[in-house]
Amino acid sequence: MPGLRRLLPLLLLLLAALCPPARSLRHGPSKIAVVGGGIGGSAAAYFLRQKFGGSVQLHVLEKAALGGRLHTLDVEGASYEAGGSVIHPLNLHMKHFVKELGLSVASPQGSLAGVYNGEEFVFEESSWSFINLLKLLWHYGLNPLRMSMWVEDILDKFMRIYRYQMHDYAFSSNERLLHALGGDDFTRLLNQSIDEAMQRAGFSQKFINQVVCPAMRVNYGQGVTINGFVGAVSLAGVQSGLWSVKGGNKLVCSGLIDSSKAEVIPGTVVAIEPKTRHTRGGLTTQRHKRVNPSAVALWDARDRRDSLPARVRVTELLSAGDPVQLYEVTYNTSSGLTGDTYDIVVIAAPLGRKMANITFRNFDPPIPEFPNPYHQTVTTLVHGRLNTSFFGYQDPQAFHLGAIFTTDNPKLFISSLGVVTPVGDAGTGGKLPLPSVVWKVFSNEELTKEQLSLLFSSYDSVKVKPWLAYPQYSAPEKFPPLVLHEQLYYLNGLERAASAMEMSAIAARNAALLAFHRWHGHSASVDQEDLHEKLKTEL
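Residues numbered from 1 in each chain as written. Predicted model: local features only at pLDDT ≥ 70, side-chain atom pairs only at ≥ 80, totals over all residues. Heavy atoms only, no water.

Moving on: the overall build of the protein chain. When you go through the protein chain residue by residue, the secondary structure sums to 18 helices and 21 strands. Evaluated residue by residue, the protein chain yields a buried proportion of 51% over its 539 residues. Considering only residue pairs separated by 6 or more positions, the protein chain has 79% of its internal contacts joining residues 24 or more positions apart. As displayed, the protein chain has an accessible area near 25300 Å², and 54% of this comes from carbon and sulfur atoms. (Helix = DSSP H or I, 4+ residues; strand = E, 2+ residues; numbered from the N terminus. Buried < 20%, exposed > 50% of the residue type's maximum accessible area, 1.4 Å probe, protein only. Contact = heavy atoms within 4.5 Å. Areas by Shrake-Rupley, 256 points an atom, 1.4 Å probe, with all protein chains shown as cover.)

Below, the structure written as structure tokens:
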């Protein structure tokens, strides 16, 4: 039997080549790139590290400061939120991040608010909650109570995402994700405006114009033509219990990237191109596929009599390795144009000519265009005295509002304005604003000096930050693909449903789970139907 003993190693080698290991045993990627260092990119780095472990090399490519649309501006030595400002109490990912990173929560108490239609205030809050209740009932009947119940029903369905993600389920498209949460109800919300959705639900037009529309304008700079889903998210954003991160919400981004142990590379990504590389020693990398049957024919009768030449031939055959899909990412740094190759790329920055203007080279089929425009919102921080006569108050002492929302009126050049405090400080708690405080003004265009003079009787300093802040919403919404290529993912498509810090975190975790499952072939964890019912039965 000595001949059989000599042949045994060769037989085992051929068996391993002909029968590849289970996909679930595939080695993890060696290098992953995340494009963008905002809340989406930093959360993606955090979740990718959780799923792929400590051995993978993570790069976060960011062209500006970490934080993206989470940003603060300094006014006379103090910092104020200029981008994403408030977080909902049911935003569980953001709550987890803050706890995990050891950050502190600031819970400002809002100022008294009024709704201005361009000529007069159609509603003004009182410091007495009982009087406010009577005012709401007088003006709008039971519409405010019904709105709270309507929004709560939508939020209850949306909260299912946390359970799905806790059980490691992922979705390969934004449509599938949202349908798994709210079924046809969510699809209908995306295909109609918030105006249409609420009219069909029985809300009065007066309530929609004077309460719902101002909420859309302050949160998204747009009116009631936005889709019903983002409209519901916007209405949830005017509920009580909102909070922020002490020191600035952008601290979450830098904290998540530190926690992920990712390397931040300051650079602007200009191009991504697929590349193919052959591995060496396919058996040792576990990235080889089944050996071509014609190659096995090399092992002929002559080789069987002498196992050494056959073993050498098979080893030579396998050492060429199998093609591995990589992505060459080219980016511009202060030192010039450079780049690197990655197994997985996650794009966490809005694609478009005015945003992350990336050229996708030599993809087959080509990566589609991303024409969906983003809406400009300008944040203006003004330290000064409000001109109360602009709002119909000739006596400044009689003016007690610290937040002014607006209805849809083409004559109005602002969406909202309100008193703000430095990041981490308590709010005004309903007290009268001081004569000279810092006001935050939202508008669609930069305010002219004439407009500033209309709003303020005097001011000491002005800081301006224009944003391409969120998508220009219009129903029906169409989502860009989440999977752009085999291992190339795009987070920001979920913003077409609604743009918020928590939505970015949800998209980030979904992309990390999806990348992990697709890499290892875990199809049972992707795009499962009736998850809500399935998980019920597991209890």
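Looking now at the side chain of Ser-443. Considering the arrangement of structural elements, one finds Ser-443 in strand β18 (residues 437–443). The buried category is assigned to Ser-443, whose relative accessible area is 1%. A distance of 2.7 Å separates a polar side-chain atom of Ser-443 from the backbone oxygen of Glu-445. Excluding its chain neighbours within four sequence positions, the residues that come into contact with Ser-443 are Gln-376, Thr-377, Val-378, Phe-413, Ile-414 and Ser-415. (Polar contact = N/O pair within 3.5 Å; in protein donor to acceptor, adjacent residues only side chain to side chain.)

A separate point is the sheet that holds strand β19 (residues 456–471). Here we have seven strands laid out as an open sheet, ordered β7-β6-β16-β17-β18-β15-β19, and mixed in their pairing. Strand pairing shows two members of the sheet lacking a second neighbour, β7 (121–124) and β19, which therefore form its edges. Between one strand axis and the next, the sheet turns by 20° as a mean value, whatever way the strands run. On top of the sheet, helix α9 (residues 205–220) reaches β6 (113–116), β7, β15 (374–386), β16 (403–406), β17 (416–419), β18 and β19; it is set at about 110° to β16, its chief contact. (Pairing = 2+ DSSP bridges. Axes fitted to C-alpha atoms, helices over the stretch in contact; angles between N-to-C directions.)

This paragraph deals with the packing of aromatic side chains. Scanning all chains against the criterion turns up 24 aromatic pairs. With centroids separated by 6.1 Å and ring planes inclined at 40°, the aromatic side chains of Phe-121 and Phe-391 adopt a geometry described as tilted. Separated by 270 residues along the polypeptide, Phe-121 in strand β7 and Phe-391 in the loop between β15 and β16 bring together distant segments of the chain. For the residue pair Phe-121 and Phe-391, the accessibility class agrees, reading buried in each case. Centroid distance Tyr-220 to Tyr-470: 5.2 Å. Interplanar angle 70°. Geometry classified as edge-to-face. Taken together, the positions of Tyr-220 in helix α9 and Tyr-470 in strand β19 put the pair 250 residues apart, joining distant regions of the chain. The exposure classification of Tyr-220 matches that of Tyr-470, with both residues buried. Feature note: the residues Tyr-116, Phe-121, Phe-390, Phe-391, Tyr-393, Phe-399 and Phe-413 constitute an aromatic cluster, connected by ring pairs. We note Arg-146 situated over the ring of Phe-203; from NZ or CZ to the ring centre the distance is 4.4 Å. (Phe/Tyr/Trp six-rings, centres within 6.5 Å; stacked < 30°, edge-to-face > 60°. Lys NZ or Arg CZ within 6 Å of the ring centre and 35° of its normal.)

On to α9. The periodicity of an α-helix, 3.6 residues per turn, causes residues three or four positions apart to be oriented the same way. In the structure, α9 departs most strongly from a straight axis at Val-212, where the bend amounts to approximately 35° and where the proline Pro-214 lies between one and four residues downstream. For α9, the set of buried residues is Phe-207, Ile-208, Gln-210, Val-212, Cys-213, Pro-214, Ala-215, Met-216, Arg-217, Val-218 and Tyr-220. In the stretch just after α9, Gly-221 is the one whose phi turns positive, near 65°. (Bend = angle between axes of the 7 residues up to and from the residue.)

Side chains carrying opposite charge are able to pair once their charged atoms draw close together. In this structure the tally under the stated criterion is 12 salt bridges. Two residues, Arg-353 and Glu-369, come together in a salt bridge whose shortest N-O distance is 3.8 Å. Of this pair, Arg-353 sits in the loop between β13 (344–347) and β14 (359–360) while Glu-369 sits in the loop between β14 and β15; the two residues are 16 residues apart in sequence, bridging distant segments of the chain. Note on Glu-369: relative accessible area 62%, which makes it exposed. (Salt bridge = Lys/Arg side-chain N within 4 Å of Asp/Glu carboxyl O.)

What follows deals with unusual backbone geometry. In this chain, Asp-364 is followed by Pro-365 through a cis amide linkage whose omega measures 0°. Of note, Pro-365 is situated in the loop between β14 and β15. Ala-475 connects to Pro-476 through a cis peptide bond whose omega is -5°. A positive phi is found at Asp-527, a non-glycine position, where the angle reads about 55°. By the secondary structure assignment, Asp-527 is in the loop between α17 (501–520) and α18 (531–537). Classification of Asp-527 as buried rests on a relative accessible area of 19%.

Tracing the backbone through its elements, the reader meets Gln-222 in the loop between α9 and α10 (228–236). In terms of polar contacts, Gln-222 uses its side chain to reach the backbone carbonyl oxygen of Pro-471, at 3.2 Å. Among all residues touching Gln-222, those that are not within four sequence positions of it are Cys-213, Met-216, Arg-217, His-375, Tyr-470, Pro-471, Gln-472 and Tyr-473.

A separate point is helix α3 (residues 92–101). Listing the buried residues of α3 in full gives His-93, Met-94, Phe-97 and Val-98. Projected down its long axis, α3 shows its buried positions confined to an angular sector of 135°, all on one face. On the buried face of α3, the contacting elements are α2 (39–52), β5 (105–106), α6 (160–166), β8 (244–245), α11 (251–260) and α17. (Arc of directions from axis to C-beta.)

Turning our attention to the sheet that holds β13. The sheet built from six strands is open, its strands ordered β9-β2-β1-β13-β21-β20 with mixed pairing. Each edge of the open sheet is held by one strand with a lone partner, namely β9 (263–266) and β20 (483–485). Strand-to-strand, the axes of this sheet are offset by a mean angle of 20°, without reference to chain direction. The pairing of β20 with strand β21 (residues 488–490) spans two bridges and is antiparallel. Across the sheet, residue His-485 finds its bridge partner in β21, namely Leu-488. The strands that α2 touches are β1 (31–35), β2 (57–62) and β13; relative to β1, the one it contacts most, it runs at about 160°.

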